[in-house]
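Notes for the structure review
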Amino acid sequence: VISVNCARKCGLIQRLDRSYACRAVGMGSADIIGRVHETYIKITDVHLSCAFMVVDHPGIDILIGLDMLRKYKAEISLTGSYSFLRFRTPTGLRREVPLTPPN
């Protein structure tokens, strides 16, 4: 999920498929503006292919969903004083990105 403001900042609006527009309802609600079918995000020096639903919600910039975490076999560790995101690159290498500075 990416906010419409963040999608604008990243230059993704011109790639938006508006046929996916609808309203998401759950714990709250938000208008889904459309979908970007394929783009890349950069984590460290790795570019990962992903798709985003674009929502009109000022409270977020980007949310990485379980579908993408599963696609790259990601692990998130929030235990102890060192937190990290570990994932597999498209070439199969494992990468670890610190979420907190190491002690």
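Our subject is the structure that appears above.
Here's a quick rundown of the structure. A quick note: this is a predicted structure, and the numbers were derived from the prediction, not measured.

Here we take up the pattern of salt bridges. Tallied over the entire structure, the rule returns five salt bridges. A salt bridge links Arg94 to Glu75; the shortest N-O distance between them is 2.5 Å. You can see Arg94 sitting in strand β7 (residues 94-98) and its partner Glu75 sitting in strand β5 (residues 75-77), a full 19 residues away along the chain. Between Arg86 and Glu96 there is a salt bridge; the shortest N-O distance is 2.7 Å. Here the residue Arg86 occupies a position in strand β6 (residues 84-88), and Glu96 occupies one in strand β7, the gap between them amounting to ten residues. Residue Arg86 is classed as partly exposed on the basis of its relative accessible area, which comes to 24%. Members of the salt-bridge network, linked through shared partners, are Glu75, Arg86, Arg94 and Glu96.

Let us now look at the environment of Thr100. You can see Thr100 is positioned in the segment after β7. Owing to a relative accessible area of 27%, Thr100 belongs among the partly exposed residues under this scheme. Counting along the chain gives 16 residues from Thr100 to Phe84, while the straight-line C-alpha distance between them is 7.0 Å. Setting aside chain neighbours within four positions, we find Thr100 in contact with Ser81, Tyr82 and Ser83.

Let us now look at the pairing of β7. As judged from the five bridges shared by β6 and β7, these two strands associate in the antiparallel manner. Looking at the pairing, Arg88 lines up with Arg94 of β7. Joining the antiparallel neighbours β6 and β7 is a turn of five residues, in which Gly92 adopts a positive phi near 95 degrees.

About the cut-offs
- Residues numbered from 1 in each chain as written.
- Predicted model: local features only at pLDDT ≥ 70, side-chain atom pairs only at ≥ 80, totals over all residues.
- Heavy atoms only, no water.
- Salt bridge = Lys/Arg side-chain N within 4 Å of Asp/Glu carboxyl O.
- Helix = DSSP H or I, 4+ residues; strand = E, 2+ residues; numbered from the N terminus.
- Buried < 20%, exposed > 50% of the residue type's maximum accessible area, 1.4 Å probe, protein only.
- Contact = heavy atoms within 4.5 Å.
- Pairing = 2+ DSSP bridges.

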